[in-house]
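Observations on the three-dimensional arrangement
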Amino acid sequence: MSEETVRVLVRCRPLNTREKNLNCKTIVSMDQSIGQVALAKPDSEDPPKTFTFDGVYDMESNTKQIYEDLVFSVIESVLEGYNGTVFAYGQTGCGKSFSMEGIPDHPEHRGITPRSFEHVFQEVAVRSNTKFLVRVSYLEIYNETIRDLLSKDHLQKLELKEHPEKGVYVKDLSMTIVHNADEVMKLMSRGTGNRSVGATAMNADSSRSHSIFTVYVEMCDTRDGGDHFRAGKLNLVDLAGSERQSKTQAEGDRLKEATKINLSLSALGNVISALVDGKAKHIPYRDSKLTRLLQDSLGGNTKTLMVAAVSPADNNYDETLSTLRYANRAKNIKNKATINEDPKDALLREYQAEIQRLKDMLMGKVNMDPSALAAFLGGAGGGGAPAGPAAIAAAPAPAP
């Protein structure tokens, strides 16, 4: 078991059109050589407040550099059987979704999310003696309600449950088997279309919910004549931005959404504070759906990277200072990540066993039940999820 702290990077976007129209001044400066952010208080002669992180990226930076510097190692860990989480945090309109989703087909500004998908399947394609099964799920937390963004009924409320071995999970959350990065992107695009968004004075396409896209990677290493199973999990989390009503001018439903967003982010802040306090006897994970779902990512069995997005404008000084303090606390959280070896609920193991049973039937080693075989083949050819052997045959694993 390796103990390591949550890694944190800070990214500052350029001044946007609204800030330029307000004649805002830039108050954020960065020294990438030492990972330091300096924040100057407007109309003050006080020295700038400074913070140090694992990486800092100014308005000239690009997502490709961020991915190679800090995200790459998280994905590699997932492919070794660890749990990994990348989550974006910051004030509304500061570029969280830009960092996570990016610009499609842009060599430098494609987001962390599509780069992660490509990374997974590139590795799957070149690993010999290893069979893979990759599944995905996509949910949002809207007004403290969990919804499945890939479900036909994406407005249905889902329940949070806890299992002594699996931990916290979402009951009836759909998982889809995928075979390449393009399939994953199409699913994510479909789910994002179902996500709750709305316009505010700060952001024309403001996310009104937190979203978690999860990639489950099961691996079976067939070297040494045996089957060695491992399971990695990657959570890609896009948090809704913190808001001040005086700036967003939110009213009605937008104001109700903002209140719920701020409450859950406050609960997340309380969890972070309790984890780094060292004296806290109780960690308030149960105060919100968000903190319960991120429980393993904060102080648990996960390698976690936080992407803190900030604005350079002087009229956002208070919000930027709050984000930097939030991120500065988060970097002191200690996680204890372990490789998920020989998971009891590995679907890949079930598929392997089913394939072997069919092989034995075809070889005449066991009695063939015609009705069972017909039912199995009928299930494989139906319109729903592929049956076990069909899925494993279609999986992008190279032949041993």
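Residues numbered from 1 in each chain as written. Predicted model: local features only at pLDDT ≥ 70, side-chain atom pairs only at ≥ 80, totals over all residues. Heavy atoms only, no water.

So, the confidence of the model for the chain
Taken over all residues, the pLDDT of the chain has a mean of 84, while the share at 70 or more is 80%. Every residue in residues 198-206 is under pLDDT 50, and counting partners more than four places away or in other chains gives 28 contacts. Here residues 379-400 is a poorly scored stretch, pLDDT under 50, and it has 39 contacts once near neighbours within four places are set aside; other chains count. (pLDDT = per-residue confidence, 0-100. Contact = heavy atoms within 4.5 Å.)

Focus: the pattern of salt bridges
Taken as a whole and assessed by the stated rule, the structure comprises 12 salt bridges. Arginine 13 is the partner of glutamate 19 in a salt bridge, and the nearest nitrogen-oxygen pair spans 2.9 Å. For the pair shown, glutamate 19 and arginine 13 are each scored as buried. For the salt bridge of lysine 64 with glutamate 68, the shortest nitrogen-to-oxygen distance reads 3.0 Å. Of this pair, lysine 64 and glutamate 68 both sit in helix 2 (residues 63-78), 4 residues apart, which is roughly one turn of that helix. Accessibility expressed as a relative area gives 33% for lysine 64, which makes it partly exposed. According to the relative accessible area criterion, glutamate 68 is partly exposed, its value standing at 49%. Taken together, the salt bridges that share partners define one network made up of Glu162, Arg286 and Arg292. (Salt bridge = Lys/Arg side-chain N within 4 Å of Asp/Glu carboxyl O. Buried < 20%, exposed > 50% of the residue type's maximum accessible area, 1.4 Å probe, protein only. Helix = DSSP H or I, 4+ residues; strand = E, 2+ residues; numbered from the N terminus.)

Description of helix 4 (residues 112-126)
The first and last C-alpha atoms of helix 4 sit 21 Å apart over 15 residues, in line with the 21 Å expected at 1.5 Å per residue. Judged by how many residues are buried, helix 4 sits mostly within the fold: 11 of 15 residues are covered. Of the positions making up helix 4, those classed as buried are Ile112, Thr113, Pro114, Arg115, Ser116, Phe117, His119, Val120, Phe121, Glu123 and Val124. (Expected span 1.5 Å × (residues − 1).)

A word on unusual backbone geometry
One non-glycine residue with positive phi stands out, namely aspartate 105, at about 65 degrees. Take aspartate 105: it is sitting in the loop between helix 3 (96-100) and helix 4. With a phi angle near 65 degrees, glutamate 144 is a residue other than glycine that sits in the positive phi range. Here glutamate 144 lies in the loop between strand 8 (130-142) and strand 9 (145-148).

So, the side chain of asparagine 316
Considering the arrangement of structural elements, one finds asparagine 316 in the loop between strand 17 (303-310) and helix 9 (317-330). Asparagine 316 sits in the buried class, given a relative accessible area of 1%.

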